[in-house]
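Here are the chains, one letter per residue:
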Amino acid sequence: MGNEIKRISTPFTKDAVKSLKAGDIVNITGTIYTGRDAAHQRLVDTLKEGKALPFAIKDSIIYYVGPTPAKPGQVIGSAGPTTSYRMDDLTVPLLEQGLSGMIGKGARAEKVIAGMKEYGAVYFGAIGGAAALIASSIKKSTVIAYEDLGPEAIRELEVVDFPVIVVIDSEGNNMYDTEKIKYAR
Amino acid sequence: MRDIHVQEVTKAVKEMCISANYHLGKDVYKRLVLSEEREESPIGKEILNNIIKNADIATENEVPMCQDTGLVTLFIEIGQDVHFIGGDLNQAINEGVSQGYQEGYLRKSVVEDPLKRKNTGDNTPAVVHSSIVPGEQVRITVAPKGFGSENMCKLKMLKPSDGQKGVEDFVVEVVAIAGPNPCPPIVVGVGIGGTFEKAALLAKKAMLREVDDKNNNEYYAEMEERLLEKINNLGIGPQGLGGRATALTVKVEKYPTHIAGLPVAVAINCHASRHEERVL
Ligand code: SF4
C-alpha cells in the first residue's frame, strides 16, 4: 500500500468501482450527494411508495454528512463524515438501485457488505473530525431535496480532489478487519 | 457576598461555545503531533497529519474543527458566597449556548424529545452539572461533545471481586468494541466507584483533565499508563485503519463506593476533544 493517490471522477461507474482496492488513497472529483439518517429514511420510503428519487442514484456517491451552517462567503460549513452504521438498515435498497459509492466513517454491517459485493459498490472512509480540511475540497453546494431537514437535507456537492480512503472494496476486503492485527501487540 | 450578574454568565458561555469548537486545546494538539511522529502505520501517519492540518485550518479561518459541534455539557462550580442577580441562572446559561451556536455558525444538533425528535433550533438545552464550593468565584467549563464518540461510552456495575483486573478488562473491551466509530485517536475517561450516576460523571470529568496531567495517586497513575498501553496495543489506530495511536491519553478518577458494588464508567472522546474553562 503506497501513498500514491488514485483519482476518480463521477459518475462512478461499475468499472471504476472494480478498479479500487481496500487501502487505496483516492481523490474524488465531480458531483456527490449528501444524506444521513433522516434523508435515508425518506429515500427508502420513497422507493417503497414506488416513486422517483430526488436524484439519479445509478453510479452515484452518497456522503454521510450534516455540515455546519456556512459562514458568509463560505460555500459550505465544516463538513466531515458521520458514523455510518446508523445508515446500515437503509442502505441495501439504495445499492439495489445502483448506488456505487458511500463515504462515511466506521464499520458497516454484514448485510451492507454483502450488498456491496452483489451490486458492486465501494465504501470510502473520510477522516472523521477533519471537517474544515474536507470542506476546502467542496466547491459548490446546493440543497436539492428535503430542505426542511436543515443540516440533514440532501445537497448536491461539486467536489475537487475530495480526499478518501477505500475502507471496504467491492470484493468485501475490509480494512477494519485486516489492518489492526498488523499493529496489535 | 459577591454579586454576579447572570449576563456575565451568558457572555462567557457564548464565547466558550464558539472558541472551544474553533480551537483545539494546545495539550491535545501537542499530543497529536507526538503521535504522528511515533505512528508506525503509513496510512495512520497520513491521517494524523490531516487531523493536525484540520486543526490549523479551523483555528486560522475561525471555523468549527468538526461538523458535529455537539451537545454542550457544562460544569459550573459556584462559590457559596456568590449571589447571582439579574435573572435565572439556568436560563442565562442556555441563552449563552443559544447565542454561541447561532453567532458562531455551529450546527444545531439537539432534539427536544428523544423519541419525537424535533430539533430545538438553537442547540439548547445544555446538560448542566452544578456544584457548590467554598469561596466567591464561579468556575465554568464548557464541553461540547459529538455523538460519534458519546454513543460509544459505557457503564457497568461490576462485582467487588472483579477488582482491578475486571475494571481494566472492561475499559479495554469498551474501546475495542468502539473501534473506528469514535474517530480515534481518542481520549478515554474512566470513573470508578460512587454510584451509577457518579461513576459516569467521574468519567466525564476525567476526560477534561489536561493530556499531560498525571494522576496524583500513584496507584491510579500507573493504571492510566497501563491502560493506555493496553489500548494502543489493540492496533485500532487512527480512524480504525490500523496503527499505534488508538488513544492519546487515559484518565482515571475514583470515589468511595458501597461495600457491595464496583461501578465503572468509560467515557470516550474523539480527537476533537473540546473544552474550555473560565473563572468569573
Ligand atoms: S466523533 Fe468527534 S471528531 Fe468524530 S465526527 Fe463526532 S465530533 Fe467529530
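Each chain has its residues counted from 1, following the order in which its sequence is written. Each chain gets a letter, beginning with A, and each ligand a number, beginning with 1, in the order they are written. With pLDDT at 70 or above as the cut-off, local features in this predicted model cover only qualifying residues; side-chain atom pairs require 80 or more to be listed or tallied, and sums for whole chains, interfaces and linings still use all residues. To obtain the side-chain values, all non-hydrogen atoms of the structure were used and water was disregarded.

Colleague: So what's going on with helix α2 (residues 26–38) of chain B? Which residues, and what values?
Modeller: Since there are 3.6 residues in each turn of an α-helix, residues three or four apart along the chain are aligned in direction. Here a helix means four or more residues in a row that DSSP labels H or I, a strand means two or more in a row labelled E, and each is numbered from the N terminus. Take the residue count of a helix, subtract one, and multiply by 1.5 Å to get its expected span. With 13 residues, α2 of chain B extends 18 Å between its outermost C-alpha atoms, agreeing within 8% with the 18 Å of an ideal straight helix rising 1.5 Å per residue. Buried residues in α2 of chain B make contact with α3 (42–61) and β8 (247–257) of chain B. Whether two residues are in contact is decided by their heavy atoms: any pair within 4.5 Å suffices.

Colleague: Could you give an account of the sheet that holds strand β7 (residues 186–194) of chain B, naming the residues involved and the relevant values?
Modeller: Residues and elements named next belong to chain B. Two strands qualify as a pair provided DSSP detects at least 2 bridges between them. Taken in spatial order, the four strands make up an open sheet running β6-β9-β7-β8, and their pairing is mixed. Two strands lie at the open edges of the sheet, namely β6 (154–158) and β8, each paired on one side alone. Neighbouring strand axes in the sheet, compared pairwise and without regard to direction, differ in orientation by 15° on average. Of the strands in this sheet, β6, β7, β8 and β9 (262–269) are in contact with helix α7 (residues 196–207), which crosses β7 at around 145°. The convention used is that axes are lines fitted to C-alpha atoms, helices contributing only their stretch in contact, and that angles between N-to-C directions extend from 0 to 180 degrees.

Colleague: Please set out the site of the ligand residue by residue, giving values where relevant.
Modeller: Near the ligand lie 14 residues; those nearest to it are Gly129 of chain A together with Cys66, Cys183, Cys270 and Arg274 of chain B. We call a residue near a given molecule or strand whenever any one of its heavy atoms falls within 4 Å of it. Those residues lying near the ligand are distributed over chains A and B. Polar here means any residue other than Ala, Val, Leu, Ile, Met, Phe, Trp, Tyr, Cys and Pro, which are nonpolar, and Asp, Glu, Lys and Arg, which are charged; Gly is therefore polar. Partitioned by chemical class, the residues of the shell around the ligand number six nonpolar, five polar and three charged. Residue ranges for the domains originate in an automatic or database domain assignment. Here the shell around the ligand spans two domains, since at least three of its residues come from each of domain 1 (2–20 + 65–145) and domain 2 (148–274) of chain B.

Colleague: Tell me about the packing of aromatic side chains, and please be specific about residues and values.
Modeller: Here a pair means two rings of Phe, Tyr or Trp (six-membered ring of Trp) with centres within 6.5 Å. Their orientation is stacked below 30 degrees between planes, edge-to-face above 60, and tilted elsewhere. For the coordinates displayed, the defined rule picks out four aromatic pairs over all chains. When the centroid spacing of 5.7 Å and the interplanar angle of 40° are considered together, the rings of Phe12 of chain A and Phe124 of chain A count as tilted. Here Phe124 of chain A lies in strand β5 (residues 122–125) and Phe12 of chain A lies in the loop between β1 (5–9) and α1 (14–19), a separation of 112 residues in the sequence. The pair formed by Phe12 of chain A and Phe124 of chain A is uniform in burial state, with each residue classed as buried. Centre to centre, the rings of Tyr33 of chain A and Phe55 of chain A are 4.1 Å apart; their planes meet at 15°, and the pair counts as stacked. Residue Tyr33 of chain A is found in strand β2 (residues 25–34), and its partner Phe55 of chain A is found in the loop between α2 (37–48) and β3 (61–63); the two are separated by 22 residues along the sequence. For the pair formed by Tyr33 of chain A and Phe55 of chain A, the shared burial category is buried. Comment: the charge-over-ring label is applied if NZ (Lys) or CZ (Arg) is within 6 Å of the ring centre and within 35 degrees of the ring normal. Residue placement shows Arg108 of chain A over the ring face of Tyr123 of chain A; its charged tip is 5.0 Å from the ring centre. Directly above the ring of Tyr255 of chain B sits Lys198 of chain B, whose terminal nitrogen or CZ lies 4.4 Å from the centroid. The cut-offs for exposure are 20% and 50% of the maximum accessible area for each residue type, with area from a 1.4 Å probe on protein chains only; residues under the lower value are buried, those over the upper are exposed, and the others partly exposed.

Colleague: If you had to explain the sheet that holds strand β10 (residues 276–279) of chain B to someone new, which residues and values would you point to?
Modeller: All names here are of chain B. Taken together, four strands build an open sheet; the order of strands is β4-β2-β5-β10 and the sheet is mixed. Of all strands in the sheet, those with a lone pairing partner are β4 (127–133) and β10, marking the two edges. Neighbour-to-neighbour, the strand axes of the sheet open up by a mean angle of 15°, direction not taken into account. Both strand β2 (residues 71–79) and β4 contribute to a ladder of seven bridges, which runs parallel. Among the inter-strand pairings, Gly79 is bridged to a residue of β4, identified as Val133. On the sheet, helix α4 (residues 89–103) packs against β2, β4 and β5 (138–145) and is oriented at approximately 140° with respect to β2.

Colleague: Go over the side chain of Arg274 of chain B, please, and point to the residues and values.
Modeller: Residue and element names in this part refer to chain B. Along the chain, Arg274 falls in the loop between β9 and β10. Buried charge without a partner: Arg274 forms no salt bridge, and the closest opposite charge is Asp68, 5.8 Å away. Within the structure, the side chain of Arg274 is placed 2.9 Å from the backbone oxygen of Asp68, a separation counted as a polar contact. Engagement of the side chain of Arg274 in a polar contact is seen with the backbone oxygen of Ala272, the distance being 3.0 Å. Not counting residues up to four positions away in its chain, the partners in contact with Arg274 are Ala20, Asn21, Met65, Cys66, Asp68, Thr69, Val142, Ala143, Pro144, Gly146 and Asn269. Charge assignment in this entry is limited to Lys and Arg as positive and Asp and Glu as negative, and neither His nor the chain termini are counted. What makes a salt bridge here is a side-chain nitrogen of Lys or Arg within 4 Å of a carboxyl oxygen of Asp or Glu, nothing more. For the purposes of these results, a polar contact is taken to be a pair of N or O atoms within 3.5 Å, where, inside protein, one atom must be able to donate a hydrogen and its partner to accept one; residues adjacent in sequence count only when each atom of the pair is a side-chain atom.

Colleague: Explain the side chain of Lys145 of chain B to me, and be specific about the residues and the numbers.
Modeller: Residues and elements named next belong to chain B. For Lys145, the position within the fold is in strand β5. Among the residues examined, Lys145 registers a relative accessible area of 6% and is labelled buried. A polar atom in the side chain of Lys145 sits 2.8 Å from the side chain of Glu150. Apart from residues no more than four positions distant in its own chain, Lys145 is found in contact with Gly70, Leu71, Glu150, Cys153, Lys204, Met207, Ile268 and Asn269.

Colleague: Let's hear about the environment of Asp169 of chain A: which residues, and what values?
Modeller: All names here are of chain A. Along the chain, the position of Asp169 falls in the loop between β7 (154–168) and α6 (175–178). On a C-alpha basis, the gap between Asp169 and Asp24 in space is 9.4 Å, while along the polypeptide they are 145 residues apart. Residues in contact with Asp169, not counting those within four places in the same chain, are Leu20, Lys21, Ala22, Met116 and Ala121. Engagement of the side chain of Asp169 in a polar contact is seen with the side chain of Asn173, the distance being 2.9 Å.

Colleague: Explain the interface of chain B and chain A to me, and be specific about the residues and the numbers.
Modeller: Contact with chain B, which involves 43 residues of that partner, is made by 40 residues of chain A. When two parts are put together, the accessible area they lose, computed with a 1.4 Å probe and summed over both, is reported as buried area. Across the interface of chain B and chain A, roughly 3300 Å² is buried in total on both sides, 61% from carbon and sulfur atoms. Three residues, Gln67, Tyr105 and Leu241 of chain B, lead the burial of chain B against chain A; their summed loss comes to 21% of the area buried on that side. Glu40 of chain B is the salt-bridge partner of Arg185 of chain A, the closest N and O atoms lying 2.7 Å from each other.

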